[in-house]
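The residues making up each chain are set out below.
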Amino acid sequence: MDLTFSAEDEAFRQDVRQFLAKTLPTDLAQRVRLGKHLSKAETEAWQAALNARGWLAPHWPKEHGGQGWSVTQRFIWDYEKSLAHAPPTVAFGLNMLAPVLIKFGSEAQKGYWLPRMLNGDDWWCQGYSEPGAGSDLAAVKTTAVRDGDEYVINGQKTWTSLGQHANMIFCLVRTANTGKRQEGISFVLVDMDQPGVEVRPIITLDGDHEVNEVFFTDARAPVANLVGEENQGWTYAKYLLTYERTGMAMVGASVAALGLLKDVARTETKGGRPLADDPFFAARIAKVEIELENLKTTTLRVVAAAAAGGAPGAESSMLKVKGTEVHQEIRSLTRRALGPYALPFQPEVLAPGSNVEPVGPDYAPGVTPAYLNSRKLTIYGGSNEVQRNIITKAILKL
């Protein structure tokens, strides 16, 4: 298996770098590097810039407004924009819902919703998890009862990322209670700007309003917003999660985070010498860097297999497990490297438009929040314990 990039791919990499150098504002990249929070307007402005270049959803087929990029090009793009500290795009519509619509949606749904994602007309969030249904998604209890040409929806979703900004949510809902639990689930698109939908904030450990609870009380969705067939939503949910977990290898994000770790270790001192010169700490950095290189190689193997026509299966679970653990270790080491500057907790410094002065160097306030926020990585998207079960069943046949 050839894991090197072709001449065409290397030329593409240079094109990506030139675009980022020209288009990404320096101050915005610096804020992303320091872990500062971006406003909704800033995120939308960056996505508009990408859309103007045709690179907001380049992985989509050309007939739907994408570039039809290969999996190798997509890897290069994700890697390079992470190293450039570009803001992340909101993945729920572009990277999660869109592939489901393209594969399973009606022509009317594709023709209506996909252009709106590109134009920024809709901000999507994900309605999967519930208080009693996280990794065990088959336990969802939110109901959708048919009433003429509409579904009446009642129930609760939780851990709804960026739901405070969203006007649309794609939901797993229960439309039947017979047979296996998975057989009664449907995939429905729901307007959040209507009576009967309430969004309540959940403030995470890092002090940010990132996730929410969403309550449905006799909310309504047109039957035309049912994706695919009724009671077949489990199939579509699994398809979506394959895309989500493969992306959670986080190779580019971890390489960028490792760069910050090394910068901190070269700046902070121990016994009057840079921490990077301490053999014990240097060994820990070397260990995680080796694991990251191994993860990168494994990711490239999956990319190469996909480029040859393969489809990720249990490999996506492997990437999710190792990718999240490596990222957590990098964040943990960065916090250790910061020493006493890791103690002040100043989430207000990270808020959009904040003028609060940080305690310590400019990179200090974002380190502990990034460490705290990273604790969730091994849980969401299907906990790593569940992913190990998938690996043992699919690969080891246990």
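Please read all numbers here as calculations on a predicted model, not as lab measurements. (Residues numbered from 1 in each chain as written. Predicted model: local features only at pLDDT ≥ 70, side-chain atom pairs only at ≥ 80, totals over all residues. Heavy atoms only, no water.)

Asks: Looking at this structure, how should I read the pairing of strand S4 (residues 168-174)?
Replies: Every regular strand shows the same layout, with side chains that alternate between the two sheet faces. Among the 7 residues that make up S4, 7 are buried, leaving the element largely enclosed by the rest of the structure. Of the two faces of S4, the one holding Met168, Phe170, Leu172 and Arg174 and the one holding Ile169, Cys171 and Val173 are both buried throughout. Bridge count for strand S1 (residues 124-127) against S4 is 4 bridges, and the pairing is parallel. Note on S4: the bridge partner recorded for Cys125 is Ile169. In terms of strand pairing, S4 meets strand S5 (residues 185-191) through 7 bridges, oriented antiparallel. What sits directly across from Ile169, in S5, is Val190. (Buried < 20%, exposed > 50% of the residue type's maximum accessible area, 1.4 Å probe, protein only. Helix = DSSP H or I, 4+ residues; strand = E, 2+ residues; numbered from the N terminus. Pairing = 2+ DSSP bridges.)

Asks: Would you mind showing me how to read the layout of surface pockets here?
Replies: Any space left empty among the atoms is revealed by the rolling of a water-sized probe across them. Approximately 260 Å³ is the volume found for the second largest pocket. Taken together, 20 residues make up the lining of the second largest pocket; nearest its centre are Gln47, Met117, Gly120, Asp122 and Trp123. Every element with two or more residues in the lining of the second largest pocket is listed here: helix H3 (40-53), helix H5 (91-104) and helix H6 (107-119). Broken down by element, the residue count for the lining of the second largest pocket peaks at 5 residues, all from H3. The residue inventory of the lining of the second largest pocket, partitioned by class, reads 9 nonpolar, 7 polar and 4 charged. (1 Å grid on protein atoms, 1.4 Å probe; cavity = no way out; pocket = protein on both sides within 12 Å on 5 of 7 lines; lining within 4 Å. Points joined across faces, edges and corners; volume = space filled by probe spheres on them. Nonpolar A, V, L, I, M, F, W, Y, C, P; charged D, E, K, R; others polar.)

Asks: Would you mind showing me how to read the pairing of strand S3 (residues 150-158) here?
Replies: Strand direction decides the pairing type here: strand S2 (residues 143-147) and S3, joined by 5 bridges, are antiparallel. The residue of S3 that forms the bridge with Thr143 is Asn154. Turn length for the S2-S3 hairpin, with the two strands adjacent in sequence and antiparallel, is 2 residues, and the turn residue Gly148 shows positive phi of about 65 degrees. Relative to strand S7 (residues 209-222), S3 is paired through 8 bridges, and the arrangement is antiparallel. Bridging across to S7, Ile153 finds its partner in Ala219.

Asks: Explanation requested: the packing of helix H10 (residues 314-338) against helix H12 (residues 384-394) in the structure shown.
Replies: Between two packed helices, both the angle of their axes relative to each other and the distance between the axes serve to describe the pair. Direction vectors running N to C along H10 and H12 enclose 145 degrees, while the axes themselves pass 9 Å from each other. By crossing handedness, the relation of H10 to H12 is classed as left-handed. Contacts from Ala314, Ser317, Met318, Lys320, Val321, Thr324 and Glu325 in H10 reach Asn384, Gln387, Arg388, Ile390, Ile391 and Ala394 in H12. Here the residues of the contact of H10 with H12 are counted per class, giving 6 nonpolar, 4 polar and 3 charged. (Axes fitted to C-alpha atoms, helices over the stretch in contact; angles between N-to-C directions. Left-handed = near helix turned anticlockwise from the far one by under 90°. Contact = heavy atoms within 4.5 Å.)

Asks: Help me out: how do you make sense of the packing of aromatic side chains in this one?
Replies: Each aromatic ring pair is specified by the distance between its two centres and by the angle formed by the two planes. Within the structure shown, the criterion is met by 16 aromatic pairs. Ring centres of Trp69 and Trp77 lie 5.9 Å apart, and the angle between their planes is 70 degrees; on these two criteria the pair is classed as edge-to-face. On the basis of relative accessibility, which here comes to 8%, the residue Trp69 falls in the buried class. For Trp77, a relative accessible area of 5% corresponds to the buried category. Look at Phe104 and Tyr236: their rings are 4.6 Å apart centre to centre, the planes differ by 45 degrees, and that puts the pair in the tilted class. Within this pair, whereas Phe104 is found in helix H5, its partner Tyr236 is found in helix H7 (residues 233-247), the two being separated by 132 residues in sequence. Assessed through its relative accessible area of 24%, Phe104 is described here as partly exposed. Cluster of aromatic residues (ring-pair linked, three or more members): Tyr112, Trp113, Trp124, Tyr128, Phe170 and Phe187. (Phe/Tyr/Trp six-rings, centres within 6.5 Å; stacked < 30°, edge-to-face > 60°.)

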